[in-house]
Amino acid sequence: RKEVEQDPGPFNVPEGATVAFNCTYSNSASQSFFWYRQDCRKEPKLLMSVYSSGNEDGRFTAQLNRASQYISLLIRDSKLSDSATYLCVVNRVTGANNLFFGTGTRLTVIP
Amino acid sequence: NAGVMQNPRHLVRRRGQEARLRCSPMKGHSHVYWYRQLPEEGLKFMVYLQKENIIDESGMPKERFSAEFPKEGPSILRIQQVVRGDSAAYFCASSPGQPDQETQYFGPGTRLLVL
């Protein structure tokens, strides 16, 4: 079983739509969770960390459910510039810093 | 403040040649990580280094691959006797260490093509 699993998509949504991505992780000892964004042929860039209490940054909301080993990302009011691949990332042990990446969910926002 | 720098950005090698990929971490960062991304796949951890030390190389193939992060100069990922399956994007990331040890900042990557 993969360490991190994501629906690869693609998700094609119109501008202004709300879209949600889900991710599951296999190791219950995982400590830290992140969403990264990767544009085509570019490096991953940290979008946001994911905390147990959930957190929000503008139009982006991340949630963590440790019991179900499930992470989500919600994007409201989608913009064309949101088109990218969204990577679910898990750090198994705090401080060990080995990041495990999902294969990513591709989002295309359509005008 | 310059970000993580990698060079070359693109590298073409013939089978059997050596590939050397360089990574200069962000200023003030002492931790370096290498990841490989095969086409249509996620990034896979390869190795984690601090200055002059390999901390975790659990993701490195057992043969032909090596990494170093000397006291002076960039981190080097070296692939000897490259094969076509080594064609991939190789990303380097750096982090500052304690207390913000977890956030990793990625370089633009080196795209290796083996002919």
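Everything in this summary refers to the structure shown in the same document. Because the structure is a prediction, the values reported are computed rather than measured.

### Section: the overall build of chain B
Next up, step 1: Of regular secondary structure, chain B possesses zero helices and eleven strands.
Next up, step 2: Going residue by residue from the N terminus, the α and β elements of chain B occur as β-β-β-β-β-β-β-β-β-β-β.
Next up, step 3: Its C-alpha atoms give chain B a radius of gyration of 13 Å, within 12% of the compact-globule value 13 Å for 115 residues.
Next up, step 4: If you line up chain B on its principal axes, its C-alpha atoms span 40 × 25 × 25 Å.
Next up, step 5: Every one of the 115 residues in chain B was classed for burial, and the buried ones make up 48%.
Next up, step 6: Expressed as a percentage of contacts within chain B between residues at least 6 apart in sequence, the contacts between residues at least 24 apart total 53%.
Next up, step 7: As presented, chain B carries roughly 5900 Å² of accessible surface, and 47% of it is formed by carbon and sulfur atoms.
Next up, step 8: One finds the centroid of the 16 positive side-chain charges in chain B at a distance of 9 Å from the centroid of its 12 negative side-chain charges.

### Some points on the pattern of salt bridges
All names here are of chain A.
Next up, step 1: This structure, assessed with the given rule, holds eight salt bridges over all chains.
Next up, step 2: Residues K79 and D77 are paired through a salt bridge, measuring 2.9 Å at the closest nitrogen-oxygen approach.
Next up, step 3: When its relative accessible area of 33% is taken as the criterion, K79 is described as partly exposed.
Next up, step 4: Its relative accessible area of 37% is what places D77 among the partly exposed residues.

### Overview of unusual backbone geometry
Next up, step 1: The peptide bond linking G9 of chain A to P10 of chain A adopts the cis configuration, its omega dihedral lying at 10°.
Next up, step 2: Note the cis peptide between N7 of chain B and P8 of chain B, where omega equals -5°.
Next up, step 3: When you line up the elements, P8 of chain B lands in the loop between β1 (5–7) and β2 (10–13).
Next up, step 4: Phi at R41 of chain A is positive, roughly 65°, even though this residue is not glycine.
Next up, step 5: Within the secondary structure layout, R41 of chain A lies in the loop between β4 (32–38) and β5 (44–50).
Next up, step 6: Judged by its relative accessible area of 55%, R41 of chain A is exposed.
Next up, step 7: Of note, D77 of chain A is a non-glycine position whose phi angle comes to about 50°, a positive value.
Next up, step 8: You can see D77 of chain A is positioned in the loop between β8 (70–75) and β9 (84–91).

The rules behind each value
Every chain is numbered independently, its residues counted from 1 as its sequence is written. All chains are assigned letters beginning at A, and all ligands numbers beginning at 1, according to the order in which they are written. Given that the model is predicted, a residue must reach a pLDDT of at least 70 before its local features are reported, and side-chain atom pairs must reach 80 or more before they are shown or counted; all residues, however, enter totals for whole chains, interfaces and linings. With hydrogens and water set aside, each side-chain value is computed from the structure's full complement of heavy atoms. Note on conventions: DSSP H or I runs of at least 4 residues are helices, E runs of at least 2 residues are strands, and numbering of each starts at the N terminus. Here the globule rule reads 2.2 Å times residues to the power 0.38, and the radius of gyration is calculated from C-alpha atoms. Throughout this description, buried means an accessible area under 20% of the type-specific maximum (1.4 Å probe, protein chains only), exposed means over 50%, and partly exposed covers the range between. Should any heavy atoms of two residues lie within 4.5 Å, those residues are counted as being in contact. Areas reported as accessible are Shrake-Rupley estimates using a 1.4 Å probe. Residue values count occlusion only from the protein chains shown. Charge counting treats Lys and Arg as positive and Asp and Glu as negative, with His and both chain ends excluded. Lysine's charge is taken at NZ, arginine's at CZ, aspartate's at CG and glutamate's at CD. Here, a salt bridge means any Lys or Arg side-chain nitrogen found within 4 Å of an Asp or Glu carboxyl oxygen.

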